[in-house]
Amino acid sequence: MRRMFKIFTKKLFGVRYEGLKKALVIDLIVFWGLHTAGYRVAVSPFIVYLMASTFSAGVMWRALASEDNAADLRNLFMLPFAERTFVFSYVSAMGAYTLLTKTAGLLAVVFAVSAWSGGAAGFRLVCAVICAVNAVLMTACAFTARKRRGICMLWGGTVIAAVFWLWDRAVFVPIILASILLAVLILSRTSAYAFYRRESGKVRHTGNGGRVSIGRYLLRYLASHKNYMMNTVVLWGVACVLPVFFRQIYAQDPAQAGGLSVLPVGFAILSVNTPVGILLSCDPALERAVRFLPGQGKAFCVPYTLFIFLCNMSADLIFLGSFGLQLGGVTALSVLLAAVFSLFGAVGSVLMEWFFPIRGWKIENDLWHHPRKYVVPAALLLLAGVCTV
């Protein structure tokens, strides 16, 4: 099992685990910097447990669904292997990648600014780690259960209910540990081939380089990558609830009848739509074709900019509608401001993809969490600061 585990971890972390070392060092720096800043926030423990669970589950699912992993699994299946050893090695490697490189960063930020100290912080950290481990194992079980999604949803709902209502009870930790044990038992009976998902196939542009064919390519690409479209849908949900968090700020400044003091901040937050901004980075073959053929830069980038603009604008319009229903004060100037921010976000994303594509990634999940995703939203936040002066 150790040898099989190393096969997966060296791909995920690097030959000498340099990726893991870098991630842990960054987490320590972030934790120490935020902790020494002295800023403290009252965070309910069940919120931390829920964040650790849902975040870990989402990252684990994307890691398991990576097309790059599907190609590697297909090659490994040609070799003789012990099925149970393969399953636990694969799940352990993906779980270690999720917990040590992604969830650890989230917990570092949360515990650095939380008001807990001493034994209370240690106990909360242990509970959060247990919840994250449980989420990773449950996600692996759900990923392989093609015909038992209803049971998996019931299982997940039970765990979430325990987090909401039993987090401060003595039975909470035993319930989560029982869930972990159940997941281990299920995985011990799971076939290794259940983790294989056939690659959806890269969508290739075969048109005449015109704007219509590129638009069709982008639509077909999203249609073949349902998780990319799901991220946009989730962003629409965020746009609906974002005004709730702005209500207190808006109430403190009633003179801003149009809400222009907080609207640009919302537009900047909603520009973090990672999947639509990494189409060249996640498909090196497409990038080579676009850069190699004459005139393809303009033929691809202009429709690509329009495509991201429409994605950004849809989220911004939903945000404006929700803002108007809850707080009022949406004007034609607000809509114009949304269009400006959507256009700037689209142009910035395309420029980053064209001049600074992400290379050297291990699996597609690395693209979703690359620090470059925050460059354009950070620039829009600075622009939002200028608009509110």
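Shown above is the structure to which this text applies.
If you're wondering where the values come from, they're calculated on a predicted model, not measured in any experiment.

Asker: How should I be thinking about the environment of Y17 in this particular structure?
Answerer: With respect to the helices, strands and loops of the structure, Y17 is situated in the loop between α1 (2-13) and α2 (18-36). For Y17, a relative accessible area of 26% corresponds to the partly exposed category. Residues within four places of Y17 in sequence aside, it is in contact with K6, T9 and K10. A polar atom in the side chain of Y17 sits 3.4 Å from the side chain of T9.

Asker: How do you make sense of the packing of helix α3 (residues 45-64) against helix α5 (residues 83-113) when you look at a structure like this?
Answerer: Packed helices, taken two at a time, are described by the angle between their axes plus the distance between the axes. Look at α3 against α5: their axes get within 9 Å of each other, and the N-to-C directions meet at 140 degrees. Our classification of the angle between α3 and α5 gives oblique. Considering the relative orientation of α3 and α5, their crossing is right-handed. Within the contact of α3 with α5, the residues separate by chemical class into 17 nonpolar, 4 polar and 1 charged.

Asker: Honestly, α2 in this entry has me stumped. Any pointers?
Answerer: Two residues of an α-helix separated by three or four positions point the same way, owing to the 3.6 residues in each turn. Spanning 19 residues, α2 covers 27 Å between terminal C-alpha atoms, matching the ideal 27 Å at 1.5 Å per step. Residues of α2 that are buried make contact with α1 and α5. One or two steps after α2, the chain reaches G38, where phi turns positive at roughly 80 degrees.

Asker: Is there a simple way to think about the packing of helix α7 (residues 149-165) against helix α8 (residues 172-188) in this case?
Answerer: Where α7 meets α8, the axes come as close as 10 Å, and the angle between the chain directions of the two elements is 160 degrees. It follows from the interaxial angle that α7 and α8 lie roughly antiparallel. Classified by chirality, the crossing of α8 by α7 is left-handed. Residue-level contacts link W155, V159, A162 and V163 of α7 to F172, I175, I176, S179, L182, A183 and I186 of α8. In the contact of α7 with α8, the residues fall into 10 nonpolar, 1 polar and no charged.

Asker: Is there a simple way to think about the side chain of S89 in this case?
Answerer: Inspection of the secondary structure puts S89 in helix α5. For S89, a relative accessible area of 0% corresponds to the buried category. Within the structure, the side chain of S89 is placed 2.7 Å from the backbone oxygen of T85, a separation counted as a polar contact. If we ignore the near neighbours within four places in the chain, the residues touching S89 are M1, M4, F5 and F8.

Asker: Would you mind showing me how to read the environment of P303 here?
Answerer: Structurally, P303 is set in helix α13 (residues 296-326). Sequence separation between P303 and L218 is 85 residues, and the spatial gap between their C-alpha atoms is 8.9 Å.

Asker: What should I look at first to understand the nonpolar core in this one?
Answerer: When a protein is soluble and globular, its nonpolar side chains tend to lie buried together. Ranked by size, the top nonpolar core spans 51 residues in total, and within it F8, L64, F86, Y90, V91, L187 and F195 carry the most contacts. Of all the secondary structure elements, the ones that give two or more residues to this core are α1, α3, α4 (67-76), α5, α6 (118-144), α7 and α8. In this structure F8 touches L73, L76, F86, S89, Y90 and A93, once residues within four positions along its chain are discounted.

Analysis parameters
- Residues numbered from 1 in each chain as written.
- Predicted model: local features only at pLDDT ≥ 70, side-chain atom pairs only at ≥ 80, totals over all residues.
- Heavy atoms only, no water.
- Helix = DSSP H or I, 4+ residues; strand = E, 2+ residues; numbered from the N terminus.
- Buried < 20%, exposed > 50% of the residue type's maximum accessible area, 1.4 Å probe, protein only.
- Contact = heavy atoms within 4.5 Å.
- Polar contact = N/O pair within 3.5 Å; in protein donor to acceptor, adjacent residues only side chain to side chain.
- Axes fitted to C-alpha atoms, helices over the stretch in contact; angles between N-to-C directions.
- Parallel < 35°, antiparallel > 145°, perpendicular 65-115°, else oblique.
- Left-handed = near helix turned anticlockwise from the far one by under 90°.
- Nonpolar A, V, L, I, M, F, W, Y, C, P; charged D, E, K, R; others polar.
- Expected span 1.5 Å × (residues − 1).
- Core = buried A, V, L, I, M, F, W, Y, C linked by side-chain atoms within 4.5 Å.

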